Structures are given as C-alpha cells and as structure tokens.
Amino acid sequence: MTLSAPRSFDIIAPTAEDSAIAQASSQILASIVDSDASHCTIRVMLDDTQGEAVTIPTSALRLFVDILTQMAKGNAVSIVPIKKELTTSEAADILNVSRPYLVDLLESGKIPFRKVGTRRRILYQDLMTYKHQIDERRRQALAELAAQAQELNMGYE
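For clarity, every value in this text was computed on a predicted model and none was experimentally measured.

A. Looking closely at the nonpolar core. Membership of the largest hydrophobic core comes to 13 residues, with the highest contact counts inside it found for Leu-95, Leu-102, Ile-111, Ile-122 and Leu-127. When contributions to this core are tallied by element, the ones reaching two or more residues are helix H3 (88-95), helix H4 (99-107) and helix H5 (124-151). The greatest single-element share of this core, amounting to four residues, is contributed by H5. Once residues within four sequence positions are removed from consideration, Ile-122 is found in contact with Lys-84, Glu-85, Leu-86, Thr-87, Thr-88, Ala-91, Leu-102, Leu-106, Ile-111, Pro-112, Phe-113 and Leu-127. Residues Cys-40, Ile-56, Val-65 and Leu-68 belong to the second largest nonpolar core, which totals eight residues.

B. Here's a closer look at the environment of Thr-118. On the secondary structure map, Thr-118 appears in the loop between strand E4 (114-116) and strand E5 (119-123). With 25 residues separating them along the chain, Thr-118 and Asp-93 place their C-alpha atoms 20 Å apart.

C. Representation of the packing of H3 against H4. Look at H3 against H4: their axes get within 9 Å of each other, and the N-to-C directions meet at 100°. Classed by the angle they form, the pair H3 and H4 counts as roughly perpendicular. Two secondary-structure elements touch here, H3 through Thr-88, Ser-89, Ala-91, Ala-92 and Leu-95 and H4 through Arg-99, Leu-102, Val-103, Leu-105 and Leu-106.

About the thresholds
Residues numbered from 1 in each chain as written. Predicted model: local features only at pLDDT ≥ 70, side-chain atom pairs only at ≥ 80, totals over all residues. Heavy atoms only, no water. Core = buried A, V, L, I, M, F, W, Y, C linked by side-chain atoms within 4.5 Å. Buried < 20%, exposed > 50% of the residue type's maximum accessible area, 1.4 Å probe, protein only. Helix = DSSP H or I, 4+ residues; strand = E, 2+ residues; numbered from the N terminus. Contact = heavy atoms within 4.5 Å. Axes fitted to C-alpha atoms, helices over the stretch in contact; angles between N-to-C directions. Parallel < 35°, antiparallel > 145°, perpendicular 65-115°, else oblique.

Below is the structure:
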C-alpha cells in the first residue's frame, strides 16, 4: 500500500442514499468506538469476494463515525488538517478572536507558546486545553445565570 499526497475534494452534499448508508454504518461502528482499545482492525470489503483488513487508531475511527453521523443528517463534511504547531493568526482563527487579543493571552501566560525568531508558535494541544477551560467556565456561568433567573422567577421555566 502506498500513501499518496492529499487531494483537493469538492464538497458535495450527500444524497438520500448516502445518508441512509451513513446512518446504518455509523450506528454499527459507534459500538466499536466505545471500547478503550488504542486501535482496532476493521475489514473493508469492495464486494463479496475482495477485502482487506486494516488496523487504524481508535481516534481515527471516532472521526470516521463523526463524519458518517453528519452525512446521515444530510450535512456535507470537509476535513481540514491542523498542524501541530500554529501561528498566531491560525490560533486566533480557531478561537474566533482577533490576533492582537490572542497575543495578549499569550503574553499574559494564559496560553503557553514558544518563539521562533520573533514569531510566536502555539501547540495545538495547548490551544485546545485553553479553549476547553474557557468553554467550561462559560457553561458554569450560564448555569449560574439560569439558576438565578429561576430563583427570581423571571419567566423562565
């Protein structure tokens, strides 16, 4: 088996038939994804006579199940590779903030980074750790606000 360079794919919405197949296969594969194994072996069949066993990381299978789930809903899916190390512009885009705001986060020590010459580089994992932390704080604040609104009888039920 040889690896080829990534191809550019047109984004096409799945047909009704594609969605039905994606739904059935995502449900079957989802049961495998719940295991704690680091990898799994699946058999890919081209037809009833030809097939090959393939070992893949469980994390890749989770991604595949997510793709199938979106296709089952009729959504088009695109995969965008993200580098291990990001520029400040790339990191700001992921957080949906301005680049100067991101630089302030870096300089205040809220997100670790390293310098390459005069350029800042952020590890993707560090950025995601920060994102998960702020998302959790937002969820907690929202829950507190909802609880206060219910206590004050503000019309939310």
